[in-house]
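# Summary of the model geometry
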Amino acid sequence: MAALLKVEQDLTSSQLSSPLELLGWSEFFADQVQPSEAGLIPRRIASVHRARIEAIDVTGPVGLEFPANTSTGDYAVGDWVLADPLTDMLIRRLDRKSVFQRRPEGGRGQQLVAANVDTLLIVTSCNADFNLARLERYLIMANQAGSNPVIVLTKADTAEDAGMFQAQAEALQRDLPVVALNGRSADAVSLLRPWCGVGQTVALVGSSGVGKSTLVNTMTGPESDIKQKTGTIREYDAQGRHTTTARSLHAISGGGWVIDTPGIRTLYVSDVADGIDTLFAEITELAPLCRFRDCTHAHEPGCAVQAAVASGALLAGRLERWRNLLAENRDRTPVVSGPRGNKIVRKKKY
């Protein structure tokens, strides 16, 4: 927490209305605290393990006790909670400003990845790991989570043409920031500075071996108390090993917070219709111009989407990926059925 203390010393009282703002506290959370809870202490979840949860407050790392029958799986790194200052007992979790979650293969519920993230840094590398279809899935999840997505291209110093990777990534979504960098270089910190201001929280997501932990170590600086382990990758397919095994919150040198996450092998889309609409905004905006309200954009006359494909304004491959993602989201999203709406079933594939 040395970086946190240094930032607090550098800020004047006019710049900081409350020390809690260093941790990402805002009016969104303050407005949720009831008058009867004035004696409770806000704390932020810093790491989540199977049997325990670690937290921080303005003094640094602090303990956190849980009521009986509490599951750590209900909490995410980045969550804000209220605790009793005398017993360290967690009283309740505050509503989230944003939440990044995914549905594992075969899982019924959503797996929490990170909460209250302002910017989601989607990390991939300028090598064989670069995959547009996978990046689209991360962008969908970021859009659905309510976080601003930024694609970070690591290992740009080893690529013959990093600009080629950057141009392809920028075309995925309107006004999408894409940053190419060397994760070990000090320049990486300045390149990411626009999203790492005081009190801002970023989370790193991506495959194993793309340099997330290396980038975290660079962002937290040499004064950081904790260094993330880094590993090597297989050169022929750029596949890496999992070096981060748990999600954790770290202070960024000069301000802000970064959440490192384990590599995700497979990312399924489920219950993310809004995220898909945002990613494919050009298709979403064309749909109301079709002759038929229920146009499938496949064969109907007067289809504005097919007209855009014919004119070259919309790539046929992008339309096909949109179809596939919509179908996967439909098939993997549980629906409520039964007389009382309490039975979860999956839509069948036809």
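Going by what an unreviewed UniProt entry lists, the protein chain is known as Small ribosomal subunit biogenesis GTPase RsgA and is assigned to Rhizobium indicum. Under the heading Sequence similarities (unreviewed entry), UniProt records this for the protein chain: "Belongs to the TRAFAC class YlqF/YawG GTPase family. RsgA subfamily." In its Subunit (unreviewed entry) section, the UniProt record describing the protein chain reads: "Monomer. Associates with 30S ribosomal subunit, binds 16S rRNA."

## So, the pattern of salt bridges
Under the counting rule described, the total for this entry stands at 14 salt bridges. A salt bridge links lysine 97 to aspartate 118, with the nearest nitrogen and oxygen atoms 3.2 Å apart. Taken as a pair, lysine 97 in the loop between β5 (90–93) and β6 (99–102) and aspartate 118 in the loop between β7 (111–115) and β8 (119–125) lie far apart in primary sequence, 21 residues in all.

## Examining the environment of leucine 40
Mapped onto the elements of the fold, leucine 40 is located in the loop between α2 (27–30) and β1 (41–48). Sequence separation of leucine 40 and leucine 86 is 46 residues, and the distance between their C-alpha atoms is 9.3 Å. Every residue in contact with leucine 40, bar those within four places of it in the chain, is listed here: Leu82, Ala83, Asp84, Pro85 and Ile91.

## Brief notes about the nonpolar core
Taken as a class, soluble globular proteins show a tendency for nonpolar side chains to be buried jointly. One finds Leu64, Phe100, Ile122 and Ile151 to be the most contacted residues of the largest nonpolar core, which totals 70 residues. If one sorts the elements of this core by residue count, helix α3 (residues 132–145) sits on top with seven residues. If sequence neighbours within four positions are ignored, leucine 64 has contacts with Arg43, Ile45, Ile53, Ala55, Val81, Ala83, Asp88 and Leu90. In this structure, Leu121, Val179, Leu192 and Leu204 belong to the second largest nonpolar core, which totals 17 residues.

## Looking at the packing of α3 against helix α10 (residues 316–332)
Closest axis-to-axis distance for the α3/α10 pair is 12 Å, and the angle between their directions is 55 degrees. When the interaxial angle is binned, α3 and α10 end up oblique. Crossing geometry of α3 relative to α10 is assigned as right-handed. Contacts from Glu136, Arg137 and Ile140 in α3 reach Arg318, Arg321, Leu325 and Glu328 in α10. Among the residues making up the contact of α3 with α10, the classes are represented as two nonpolar, no polar and five charged.

Conventions and cut-offs
Residues numbered from 1 in each chain as written. Predicted model: local features only at pLDDT ≥ 70, side-chain atom pairs only at ≥ 80, totals over all residues. Heavy atoms only, no water. UniProt positions renumbered as here; feature names shortened; annotations may be inferred. Salt bridge = Lys/Arg side-chain N within 4 Å of Asp/Glu carboxyl O. Helix = DSSP H or I, 4+ residues; strand = E, 2+ residues; numbered from the N terminus. Contact = heavy atoms within 4.5 Å. Core = buried A, V, L, I, M, F, W, Y, C linked by side-chain atoms within 4.5 Å. Buried < 20%, exposed > 50% of the residue type's maximum accessible area, 1.4 Å probe, protein only. Axes fitted to C-alpha atoms, helices over the stretch in contact; angles between N-to-C directions. Parallel < 35°, antiparallel > 145°, perpendicular 65-115°, else oblique. Left-handed = near helix turned anticlockwise from the far one by under 90°. Nonpolar A, V, L, I, M, F, W, Y, C, P; charged D, E, K, R; others polar.

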